Amino acid sequence: MTTSSPTDTIHHRICPLCEACCGLEIKVRDQQVVSIRGHDADVFSAGYICPKGVALKDLHEDPDRLRTPLIKRNGVHVPATWEEAFAEIERRLPPLIAAHGRNATGIVVGNPSAHKIGLLTYFGKLARALGTKNVFSASTLDQMPKQLASGLLFGHWLSIALPDITRTDLLLVIGANPLASNGSMWTVPDFKGKAKALQARGGQLVVIDPRRTETAVMADAHHFIRPGADVFLLAAMVNTLFAEKLVTLGHVVEWVNGADDVQKAVAPFTADAVAARCGMDADSIRNLARQLAAAPRAAVYARIGTCTQEYGSLASWLVDVLNTLTGNLDKAGGVLFAKSAAFASNTAGKPGIGKGVTTGRHHARVSGAPEVYGELPMTCIAEEIENEGEDQVRALFTVATNPVLSSPNGPRLSKALDTLDFMVSLDIYLNETTRHADVILPGRSPLEEMHYDVAFPQLSWRNHARYSPAVFAAPEGQPEEWQTIMKLAAIVQGKGAQADANALDDAQFAEDAQRMFGEHANAVIAATKNLRGPSRGLEVALRTGPYGDQFGRKPDGLTLAKVMASNAAGGIDLGELQPRIPEVLRTPSGKVELAPPMLLQDLERAAQSLSAPAPDLVIIGRRDVRSNNSWMHNLPILAKGPMRCTALVHPQDAARLQLKDGALAQIETASKQGPRSVQAHVQISEEMMPGVVSLPHGWGHDLQGAKLTLAAQRPGANLNALLDDQLRDPLSGNAVLGGVAITMRALATA
Ligand SMILES: Nc1nc2c(c(=O)[nH]1)N[C@H]1C(S)=C(S)[C@@H](COP(=O)(O)OP(=O)(O)OC[C@H]3O[C@@H](n4cnc5c(=O)[nH]c(N)nc54)[C@H](O)[C@@H]3O)O[C@H]1N2
Ligand SMILES: Nc1nc2c(c(=O)[nH]1)N[C@H]1C(S)=C(S)[C@@H](COP(=O)(O)OP(=O)(O)OC[C@H]3O[C@@H](n4cnc5c(=O)[nH]c(N)nc54)[C@H](O)[C@@H]3O)O[C@H]1N2
Ligand code: SF4
Ligand SMILES: [Mo]
């Protein structure tokens, strides 16, 4: 913190709202936020900011944001003290576990937890205390396919190959719209500025997307693709590389296993064979492959559009196959791995070799879906609650998640939640999901918490270490979320609601330190004795990390104190990404496994579906820079302006279906249980590929019992009320969120 005038203070904090992790400069006067702007000196984001960052003020001040726990009494949520809330949980939960066992509980964790060090590093302690296999997260609505594919190739779930945008000559973006989303599985603030710089130095940006997005508009070339067809496009590009002898592995040649197997596996996928399915012409597909091979340095980047489909794991895998076979893996200007200062598994343990990843250590009770990265698919929750029998889920924790809006078939989930014996939500709003909870425990405003990003430095365009101190003190008596989690874990373990979260944390840390440091444990405990909770975990992670001081053995290395001291200067820059193969690998073979058997097998399934008939109208999602999944529609600065929850329809489709611009239409999907429908206003747009309609997700704020005063005024339609919770990528368990067949008809307006 610095002082800018007698009454103003200036604070620097990383924005917790999306993966870009921009550094903010927050001016405060009399305990009020006066302004929020980009922090120009930030070593990583250099002053860039989007409208959501400014909305942190509205979030902090939102009267609907919960400041105290709520307990549901006679169907109504009433404010309660923290003691009352924990006592209620102790009264109701342990008897349920005693009667029905641990698997009668479930826990769901959502997107904002990725931006909270307390939730991210403590959530697992609650899951372990529960001892249930019913662990779910938004990862299976999102990036699990990418994590699985990367895990199989490189040996760890978070070893993600990232485009080296500042040095590349060609960036191929597939199923991502970073101009609206600000990037994902790739922490790259000001993507637009970096893409413009790429173009200015003669490089090219090429986009493949069923919508001519904001990113596509600025690109040098844009190709429409039929939703869900990416696996075919990518396989055909790989096929072309082999057929035209364009394959080159570059410096990783001695570290890659399986290129021959890939060649055999993609044989059926010639450009001619896939063109119709992709809605592209065969020459364009071949040319894309040639262009990649010809560019001195190129990077393929694909994101949620390629993950949330039936062949999401295959598509994610083939992206890195292309990067590898064009000699761009682990190369400056190609794709590289970040080297994070803390918490990265690919900087720990023996370099170059590891256990790799496995799936299916247990399975979902009802669907039989395999466990992936410790989780079962999010779309299994409703059926695990509904279906009677041993291990039926009767008690559920939700942590920073709103699956009633964010997960396919939200209405079914909503009904199922009503039948639970007990539900606890850690959340800052009474919303569409938490309205079902018996107890709601609020987290603090982001401005009332310290923060350090755990995951995103592992996905960053440049290496860095940045710490955010709290801007404001928290309300008297409100625990930090990690403390709430420790209390809940204690209740579940029978230690009682009176247990002291800090003492539990000390005891747990002492145990962890023994395991991690053996004979040095006492020295580590002594060296960190003034810290607690995630701050202590961070200190240990930084000091033992790749840039750390190793507890004094490398005196110039990083410590938490050094990172904290760099706050006003915008953090510590740790330089450009560098080649890391073979050291980064954690596969059992110590090689890049380019042809994992699980993926080759699934490719045969894809080959069989190549000739499946195309529905004549399908739906996909959309992101808008002023929206964030389901939970920021209550903030005035973002909610103002034109309604963003509209259905974009191509003029040809509009004419064929007699849909008028601005008029209300009914959108319907067929399901085994009968048709599902929502109503949305039509926006006729040339942006769309003919045959594809786009509706954003995260809307539908008209459900009884929620308290989102502003959002309820313009509720919008819930895309996920249309989508099917039974459609998944079988390998990763990821939900299918696009390319689903719909029908659409105009509604008579009153
Ligand atoms: N159809 C369709 N559906 C989608 C997507 C799509 O593209 N199309 N995208 C998917 C993706 S990528 C994701 S990540 C998921 C997101 O789905 P979820 O993970 O469920 O996230 P949100 O819907 O954003 O809900 C976030 C919840 O966290 C709460 N919250 C916010 N801040 C805090 C905090 O500090 N502490 C606590 N305890 N709670 C907090 C909010 O009030 C809200 O209840 O949605 C998915 N759903
Ligand atoms: N403003 C804003 N920013 C956000 C979020 C938000 O809700 N709003 N959510 C955050 C989250 S949780 C995430 S995961 C990231 C996601 O970040 P991105 O992946 O960049 O997300 P989108 O903007 O949805 O871009 C996905 C693109 O895929 C296209 N698409 C849909 N189906 C297909 C298909 O089958 N094939 C291909 N090739 N393309 C397809 C869509 O038209 C869309 O342009 O964004 C994050 N940032
Ligand atoms: S792009 Fe916007 S929402 Fe994302 S971190 Fe930056 S300021 Fe926050
Ligand atoms: Mo996401």
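Residues numbered from 1 in each chain as written. Chains lettered and ligands numbered in written order. Predicted model: local features only at pLDDT ≥ 70, side-chain atom pairs only at ≥ 80, totals over all residues. Heavy atoms only, no water.

## Re the packing of aromatic side chains
So, step 1. Applying the stated rule across the entire model yields nine aromatic pairs.
So, step 2. When the ring of Trp-157 is compared with that of Tyr-373, the centres are 4.6 Å apart and the planes differ by 10°; the resulting orientation is stacked. On the criterion of sequence distance, the pair formed by Trp-157 in the loop between helix H5 (144-154) and strand E9 (162-163) and Tyr-373 in the loop between strand E17 (370-372) and helix H15 (381-386) is long-range, its members being 216 residues apart.
So, step 3. The class for Tyr-373 is partly exposed, based on a relative accessible area of 31%.
So, step 4. Relative to Tyr-311, the ring of Phe-232 has its centre 6.1 Å away and its plane inclined at 65°; by these criteria the two rings are edge-to-face. Separated by 79 residues along the polypeptide, Phe-232 in helix H9 (residues 230-243) and Tyr-311 in the loop between helix H13 (304-307) and helix H14 (312-325) bring together distant segments of the chain. (Phe/Tyr/Trp six-rings, centres within 6.5 Å; stacked < 30°, edge-to-face > 60°. Helix = DSSP H or I, 4+ residues; strand = E, 2+ residues; numbered from the N terminus. Buried < 20%, exposed > 50% of the residue type's maximum accessible area, 1.4 Å probe, protein only.)

## Description of the pattern of salt bridges
So, step 1. The full count for this structure, using the stated rule, is 38 salt bridges.
So, step 2. A salt bridge links Glu-449 to Lys-116, with the shortest nitrogen-to-oxygen separation between them at 3.1 Å. With Glu-449 in the loop between strand E20 (439-441) and strand E21 (462-465) and Lys-116 in the loop between strand E7 (105-109) and helix H4 (117-130), the pair connects residues that are 333 residues apart, well separated along the chain. Lys-116 matches Glu-449 in its accessibility class, with the two residues each being buried.
So, step 3. Here Glu-371 ties to Arg-361 by a salt bridge, and the two come within 2.5 Å at their closest N and O atoms. Taken together, the residues span a long stretch of sequence, with Glu-371 in strand E17 and Arg-361 in strand E16 (residues 359-363) at a distance of 10 residues.
So, step 4. Judged by its relative accessible area of 0%, Glu-371 falls in the buried class.
So, step 5. Taking the relative accessible area as the measure of exposure, Arg-361 reaches 59% and is therefore exposed.
So, step 6. In this structure, a network of salt bridges that share partners links the residues Arg-73, Glu-88, Arg-91, Arg-92 and Asp-438. (Salt bridge = Lys/Arg side-chain N within 4 Å of Asp/Glu carboxyl O.)

## Things to note about the site of ligand 3
So, step 1. Around ligand 3, a shell composed of Cys-15, Leu-17, Cys-18, Ala-20, Cys-21, Cys-22, Ile-49, Cys-50, Lys-52, Gly-53 and Asn-182 is seen.
So, step 2. Taken together, the residues of the shell around ligand 3 sort by class into eight nonpolar, two polar and one charged. (Near = heavy atom within 4 Å. Nonpolar A, V, L, I, M, F, W, Y, C, P; charged D, E, K, R; others polar.)

## Some thoughts on the site of ligand 1
So, step 1. Near ligand 1 lie 28 residues; those nearest to it are Lys-116, Ser-406, Asp-427, Glu-481 and Ser-630.
So, step 2. Asn-431 places a polar side-chain atom, nitrogen or oxygen, 2.7 Å from an oxygen atom of ligand 1.
So, step 3. Take Glu-481: an N or O atom from its side chain is 2.6 Å from a nitrogen atom of ligand 1.
So, step 4. A total of 910 Å² of accessible area belongs to ligand 1 in isolation, and the protein chains cover 97% of it.
So, step 5. For the shell around ligand 1, the class distribution of residues is 13 nonpolar, 10 polar and five charged.
So, step 6. If you count residues domain by domain, the shell around ligand 1 takes at least three from each of domain 2 (65-132 + 377-451 + 481-498) and domain 4 (618-746). (Polar contact = N/O pair within 3.5 Å; in protein donor to acceptor, adjacent residues only side chain to side chain. Areas by Shrake-Rupley, 256 points an atom, 1.4 Å probe, with all protein chains shown as cover. Domains from an automatic or database assignment.)

## Notes on the domain arrangement of the chain
So, step 1. Taken as a whole, the chain is organised into domain 1 (8-61), domain 2 (65-132 + 377-451 + 481-498), domain 3 (144-337 + 343-349 + 582-607) and domain 4 (618-746).
So, step 2. For domain 1 and domain 3, the distance between their C-alpha centres works out to 33 Å.
So, step 3. Both faces combined, the contact of domain 1 with domain 3 buries some 740 Å², and carbon together with sulfur accounts for 55% of it.
So, step 4. The largest share of the area that domain 1 buries against domain 3 comes from Glu-19, Phe-44 and Tyr-48, three residues that together contribute 66% of it. (Buried area = accessible area lost by both parts, 1.4 Å probe.)

## Structural notes on the environment of Gln-204
So, step 1. With respect to the helices and strands, Gln-204 occurs in strand E11 (residues 204-208).
So, step 2. If we ignore the near neighbours within four places in the chain, the residues touching Gln-204 are Asp-169, Leu-170, Leu-171, Leu-198, Asp-220 and Gln-291.
So, step 3. Within the local environment of Gln-204, its side chain forms a polar contact with the side chain of Gln-291, the two groups lying 3.1 Å apart. (Contact = heavy atoms within 4.5 Å.)

## A look at the sheet that holds strand E12 (residues 221-223)
So, step 1. Taken in spatial order, the four strands make up an open sheet running E12-E11-E10-E14, and their pairing is parallel. Looking at the sheet topology across the chains shown, the edges are occupied by E12 and strand E14 (298-302). Across the sheet, the axes of successive neighbouring strands diverge by a mean angle of 15°, strand direction being ignored.
So, step 2. Pairing analysis gives five bridges linking strand E10 (residues 170-174) to E11, with the strands arranged parallel. (Pairing = 2+ DSSP bridges. Axes fitted to C-alpha atoms, helices over the stretch in contact; angles between N-to-C directions.)

## Remarks on the sheet that holds strand E8 (residues 135-137)
The pairing of strands in a sheet happens through backbone hydrogen bonds and is either parallel or antiparallel.
So, step 1. Pairing is mixed across the open sheet formed by seven strands, whose spatial order is E6-E5-E20-E19-E18-E7-E8. Strand pairing shows two members of the sheet lacking a second neighbour, strand E6 (76-79) and E8, which therefore form its edges. Neighbour-to-neighbour, the strand axes of the sheet open up by a mean angle of 20°, direction not taken into account.
So, step 2. The pairing of E7 with E8 spans three bridges and is parallel.

## Focus: the packing of helix H11 (residues 271-278) against helix H12 (residues 282-294)
So, step 1. At a minimum axis separation of 8 Å, H11 and H12 run at an interaxial angle of 115°. With respect to H12, the element H11 is oriented roughly perpendicular. Viewed along their axes, H11 and H12 form a crossing whose handedness is right-handed. Facing Ala-271, Asp-272, Val-274 and Ala-275 of H11, the residues of H12 in contact are Ala-282, Ile-285 and Arg-286.
So, step 2. When the residues that make up the contact of H11 with H12 are grouped by side-chain class, the tally is five nonpolar, no polar and two charged. (Parallel < 35°, antiparallel > 145°, perpendicular 65-115°, else oblique. Left-handed = near helix turned anticlockwise from the far one by under 90°.)

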